[in-house]
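# Observations on the model geometry
Chain by chain, the residues run as shown.
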Amino acid sequence: MVSFAKKLLITLTVAAYGPLMAGAAQAEQVQVMASGLDHPWSIAFLPAGDVLVTERAGRLWRLGTGGQKRAIAGVPAVRAQSQGGLFDVVLHPKFADNGLIYLSYAAGEEGANFTRVTRARLDGDRLVEAKVIFQVSPAKDTPVHFGGRMAFLPDGSLVLTTGDGFDYREQAQRLQSGLGKIMRMADDGRPLAGNPFANERGGKAGAQPHIWSYGHRNPQGLAVDAVTGWLWEHEHGPRGGDELNLIQKGGNYGWPVATRGLDYSGATISPFQTYKGMIDGRAVWVPSIAPSGLAVYRGALWPQWQGDLIIGALVNKEVRRLDVDAAGRVVGQSRIFPKISARIRDVRVAPDGAVWLTTDEDAGKVLRVTP
């Protein structure tokens, strides 16, 4: 007998081939908040109403409530090559008191590069007291699959996604490696005692103490549900096999042992689509949609979407809503905001409930969407 979870996974996988569920018949309003940006990667909302925006090329901007755009000085140097550059920006949970922000980015050299996190204090339009608090090891020699998404959990700890470096997919299963992981740390970068491998238990000698979960390929979305505390993540598969995961402490999410994707050459990566002791995705896309950006909707403008997930798609050039039930199961998905057809890099929900997006283009935009 096929379990409910297996039926649901198969349904969602097959659904990616055909039409999506029809979205709500409601015309959205799309406002361009900024344009002409070099691959805008992430946005963060400041308490007074301004918005921070990262460009992959290494610049950080402040968008004012009046539409003005000002550059932030003091941004650390990044390695802007291929998929590398400046990635995420998040605020400390007590930003109103301490002014701290966090930047993730690619650093290093062509033959030895890595994902790095810097913490700094935002003082007007300048970053001060900048300090590197975390760096992925080992270094790699590929300019792709950095991960780089960050989020704060309800307990105040910071989590960071790291990619597998593309050529080093086996590292995602090695606890001695920082590639292909979600890392959890204190707000100053220290590993936390509650991390599953912090004390090298269960014979995991040499395990990196920051690891929270493993078996990831290239995570490009990370979001915390403020109501349930759930940590959601999505990642790119190769040719097919993009996944949405509900992250568990110490969980192994399978890559590359279990995958529904094929190698870019068409070769089989693994004979296993699922594997005992490894956690299947809550949704899987075959063929790939290249999900990027992830937000849990808890706003007021679309009350019927409470707890649902909003994701962007780079390949499909669209925005989707995933209907999530009280048990954390994805029970449907639909395209939303049909006026928008662009490579979506980031998705955020503003304090007023509006959905903000960035487009992954040489002359990218920041969009604000309301009903």
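Residues numbered from 1 in each chain as written. Predicted model: local features only at pLDDT ≥ 70, side-chain atom pairs only at ≥ 80, totals over all residues. Heavy atoms only, no water.

### Comments concerning the overall build of the protein
Of the regular secondary structure elements, the protein holds two helices and 24 strands. Rg of the C-alpha trace for the protein: 19 Å, near the compact-globule value of 21 Å for 371 residues, within the 12% margin. Out of the 371 residues belonging to the protein, those deemed buried represent 56%. By sequence separation, contacts in the protein at least 24 residues apart represent 57% of the contacts at least 6 residues apart. (Helix = DSSP H or I, 4+ residues; strand = E, 2+ residues; numbered from the N terminus. Rg over C-alpha atoms; globule rule 2.2 N^0.38 Å. Buried < 20%, exposed > 50% of the residue type's maximum accessible area, 1.4 Å probe, protein only. Contact = heavy atoms within 4.5 Å.)

### With respect to unusual backbone geometry
What is expected of a backbone is that most residues other than glycine have negative phi and most peptide bonds are trans. In this structure, the amide linkage connecting serine 137 to the following residue, proline 138, adopts the cis form with an omega of 5°. Mapped onto the fold, proline 138 is located in the loop between β9 (126-135) and β10 (147-152). Cis rather than trans, the peptide bond between tryptophan 255 and proline 256 has omega equal to -5°. Among the secondary structure elements, proline 256 is positioned in the loop between β16 (242-246) and β17 (283-285). At phenylalanine 166, a position not held by glycine, the phi torsion is positive, near 70°. On the accessibility criterion, phenylalanine 166 (35% relative accessible area) is partly exposed. Phi is positive for alanine 290, which is not a glycine, with a value near 55°. With relative accessibility at 11%, the residue alanine 290 sits in the buried group.

### Let's talk about the nonpolar core
Counting 19 residues, the largest nonpolar core has Tyr102, Val117, Ile133, Phe134, Met150, Leu158 and Met185 as its most contacted members. For this core, the secondary structure elements donating two or more residues are β7 (100-109), β9, β10, β11 (158-162), β12 (181-185) and β13 (211-214). Contact partners of valine 117, with chain neighbours within four places excluded, come to Tyr102, Leu103, Ser104, Tyr105, Lys131, Val132, Ile133, Phe134, Met150 and Leu160. Among the nonpolar cores identified, the runner-up in size contains 17 residues, and Ala44, Leu46, Leu91 and Tyr105 belong to it. (Core = buried A, V, L, I, M, F, W, Y, C linked by side-chain atoms within 4.5 Å.)

### Some points on the sheet that holds strand β8 (residues 112-123)
Ordered by their spatial adjacency, four strands build an open sheet running β6-β7-β8-β9, and the pairing between neighbours is antiparallel. Whereas interior strands pair on both sides, the edge strands pair on one side only; in this sheet they are β6 (86-91) and β9. The sheet shows a mean angle of 25° between the axes of neighbouring strands, taken without regard to direction. Bridge analysis of β8 against β9 gives seven bridges, and the strand direction is antiparallel. Within β9, the position partnered with threonine 118 by the bridge is valine 132. (Pairing = 2+ DSSP bridges. Axes fitted to C-alpha atoms, helices over the stretch in contact; angles between N-to-C directions.)

### Structural notes on the sheet that holds strand β14 (residues 218-224)
The strand order across the open sheet formed by four strands is β14-β15-β16-β17, and the pairing between neighbours is antiparallel. In the strand order of this sheet, the two ends are held by β14 and β17, each with one partner. Between one strand axis and the next, the sheet turns by 15° as a mean value, whatever way the strands run.

### Topic: the packing of aromatic side chains
Using the criterion set out here, one finds 13 aromatic pairs in the structure. Measuring from ring centre to ring centre gives 6.0 Å for phenylalanine 166 and tyrosine 264, while their planes differ by 20°; the resulting arrangement is stacked. In this pair, phenylalanine 166 sits in the loop between β11 and β12 while tyrosine 264 sits in the loop between β16 and β17, placing the two residues 98 residues apart along the sequence. On the basis of an interplanar angle of 5° and a centroid distance of 4.8 Å, the ring pair of tryptophan 302 and tryptophan 305 is categorised as stacked. Accessibility assignment for this pair places tryptophan 302 and tryptophan 305 in one class, buried. It is lysine 69 that lies over the ring of tryptophan 61; its NZ or CZ is 4.5 Å from the centre. Sitting over the face of the ring of tryptophan 255, arginine 217 holds its NZ or CZ atom 5.3 Å from the ring centroid. (Phe/Tyr/Trp six-rings, centres within 6.5 Å; stacked < 30°, edge-to-face > 60°. Lys NZ or Arg CZ within 6 Å of the ring centre and 35° of its normal.)

### Considering the pattern of salt bridges
On inspection of all chains with the given rule, the structure shows 21 salt bridges. Arginine 70 is the partner of aspartate 125 in a salt bridge, and the nearest nitrogen-oxygen pair spans 2.7 Å. Taken together, the residues span a long stretch of sequence, with aspartate 125 in the loop between β8 and β9 and arginine 70 in strand β5 (residues 69-71) at a distance of 55 residues. Look at arginine 70 and you get partly exposed, because its relative accessible area is 30%. In this structure, glutamate 318 engages arginine 320 in a salt bridge whose closest nitrogen and oxygen atoms are separated by 2.5 Å. With respect to burial, glutamate 318 and arginine 320 carry one shared label: buried. Shared partners join several salt bridges into a network, and the residues in it are Asp50, Arg62, Arg70 and Asp125. (Salt bridge = Lys/Arg side-chain N within 4 Å of Asp/Glu carboxyl O.)

### Some details on the confidence of the model for the protein
Mean pLDDT over the protein stands at 92; residues scoring 70 or higher make up 92%. Contacts of residues 1-19 to residues separated by more than four positions or lying in other chains number 25 contacts, the stretch itself having pLDDT below 50. (pLDDT = per-residue confidence, 0-100.)

### Looking at the environment of serine 82
Take serine 82: it is sitting in the loop between β5 and β6. Take serine 82: its relative accessible area is 44%, and that puts it in the partly exposed class. Put simply, serine 82 and proline 143 are 61 residues apart on the chain and 5.8 Å apart in space, counted from C-alpha to C-alpha. Those residues in contact with serine 82, other than ones at most four positions away along the chain, are Arg56, Pro143 and Val144.

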